[in-house]
Amino acid sequence: EFSAPHPVNVEEKLRRLKDGEDIFSVIKRETTRRFDIIVMKGDYDTLFKERPKFSEVEKMNMEEFLSLPNRYFKLIEGNIDILIECKERPFDEWKDDVEKQIIPYFKTYKPKRMVVVSAYRVPENVVRNLEREGIDVIAPFSPDECPWEQQDKLANIIRNL
């Protein structure tokens, strides 16, 4: 899994601090997302080259400090080649993730391709809706199903980048 920076609403974070919330929970809340698989071709160090030194962070005001996740988010937004979300449980156990996780990830991070790989079948209407959004679905993907056909489908998506 890869922990990626997530854009934050700095004004909201400042308001929470003024309301007396714990500074560490306000700073950490909503700043990252964990992806199952992320592929970015090219210079893999780019995301981390702009890491500020402690002396720079120490001089930042609270608004600048709370804006750091947005700074790092801009480095990867639109630069992700493939974002793969893996689902190991039956669809009924993760169906809410379609609207709460999968589609928002695609719209926020803007990967060149996004693929949902499920070990179990996904209803056809859900597959069609995701594909309309631009998200590929490979399901069922397990040794008990048609592994070669599904493996070829995934390989073709990767090859066509």
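In this numbering scheme, every chain counts its residues from 1 along its sequence in written order. A pLDDT threshold of at least 70 governs which residues receive local features in this predicted model, and a stricter bar of 80 or more applies before side-chain atom pairs are shown or counted, although totals over entire chains, interfaces and linings include all residues. Side-chain numbers here rest on the full set of heavy atoms in the structure, without hydrogens or water.

Peer 1: So, the environment of Ile135: which residues are in play, and what are the values?
Peer 2: Segments assigned H or I by DSSP are reported as helices when at least four residues long, segments assigned E as strands when at least two residues long, and all are numbered from the N terminus. Examined against the element boundaries, Ile135 turns out to sit in strand β6 (residues 135-138). Among the residues examined, Ile135 registers a relative accessible area of 0% and is labelled buried. In the structure, Ile135 is positioned 22 residues away from Arg113 in sequence and 6.9 Å away in space, judged by C-alpha atoms. Whether two residues are in contact is decided by their heavy atoms: any pair within 4.5 Å suffices. Those residues in contact with Ile135 that lie beyond four places of it in its chain are Ile102, Ile103, Phe106, Met114, Val116 and Leu130. Relative accessibility thresholds used throughout: buried, under 20% of the residue-type maximum; exposed, over 50%; partly exposed, between the two (1.4 Å probe, protein chains only).

Peer 1: Describe the environment of Pro143, with residues and values.
Peer 2: By secondary structure assignment, the location of Pro143 is in the loop between β6 and α9 (147-159). When the C-alpha positions of Pro143 and Val116 are compared, they lie 17 Å apart, and in sequence the two are 27 residues distant.

Peer 1: Account for the side chain of Thr31, naming residues and giving values.
Peer 2: The residue Thr31 is located in the loop between α2 (23-28) and β2 (32-35) in this model. Since its relative accessible area comes to 12%, Thr31 is described here as buried. Polar side-chain contacts of Thr31 include one of 2.9 Å to the backbone oxygen of Lys28. Polar contact criterion, stated in full: a pair of N or O atoms within 3.5 Å, where within protein one must be able to donate a hydrogen and the other to accept it, and residues adjacent in sequence count only if both atoms are side-chain atoms.

Peer 1: I'd love a proper account of helix α1 (residues 10-18), names of residues and values included.
Peer 2: Residues of α1 that are buried: Val10, Lys13, Arg16 and Leu17. For α1, the angular spread of the buried residues around the axis is 120°, confining them to a single face. The outward face of α1, more than 90 degrees from its buried face, is lined by the exposed residues Glu11 and Lys18. The inward-facing, buried residues of α1 abut α2, α5 (62-66) and α6 (68-76). For α1, the capping residue at the N-terminal end is Asn9, with a side-chain oxygen 3.1 Å from the backbone nitrogen of Glu11. In the segment just after α1, Gly20 is the residue with positive phi, at about 90°. What the arc measures is the spread of directions leading from the helix axis to the C-beta atoms.

Peer 1: Describe the pattern of salt bridges, listing the residues and the values that go with them.
Peer 2: Salt bridges are defined as contacts in which a side-chain nitrogen from Lys or Arg sits within 4 Å of a carboxyl oxygen from Asp or Glu. Enumeration according to the criterion identifies 12 salt bridges in this entry. Where Asp97 meets Lys87, a salt bridge forms, and the shortest distance between an N and an O atom there is 2.8 Å. With Asp97 in helix α7 (residues 97-109) and Lys87 in strand β4 (residues 82-87), this residue pair connects regions lying 10 residues apart in the sequence. Note that Glu133 and Lys107 form a salt bridge whose closest N and O atoms lie 3.9 Å from each other. Of this pair, Glu133 sits in helix α8 (residues 124-133) while Lys107 sits in helix α7, placing them 26 residues apart in sequence. Several salt bridges converge on common partners, so that one network encompasses Glu12, Arg15, Arg16 and Asp19.

Peer 1: So what about the packing of α7 against α8? Which residues, and what values?
Peer 2: The relative placement of two packed helices is expressed as an angle between their axes plus a distance between the axes. Between α7 and α8, the shortest axis-to-axis distance is 11 Å and the interhelical angle comes to 20°. Judged by the angle between their axes, α7 and α8 are roughly parallel. At the point where α7 passes α8, the crossing takes the right-handed sense. Each of Val98, Ile102, Ile103, Phe106 and Lys107 in α7 lies in contact with α8, whose residues at this interface are Val126, Leu130 and Glu133. Its residues assigned to classes, the contact of α7 with α8 comprises six nonpolar, no polar and two charged. All axes are obtained by fitting lines to C-alpha atoms, using only the stretch in contact for helices, and the reported angles, taken between N-to-C directions, cover 0 to 180 degrees. In this scheme, roughly parallel covers angles under 35 degrees and roughly antiparallel covers those over 145, while 65 to 115 is roughly perpendicular and the rest are oblique. Crossing handedness follows the turn of the near helix against the far one: under a right angle anticlockwise gives a left-handed crossing, and clockwise gives a right-handed one. Here the nonpolar group is Ala, Val, Leu, Ile, Met, Phe, Trp, Tyr, Cys and Pro; Asp, Glu, Lys and Arg are the charged ones; every other residue, Gly included, is treated as polar.

The analysis is restricted to geometry; functional conclusions fall outside its scope.
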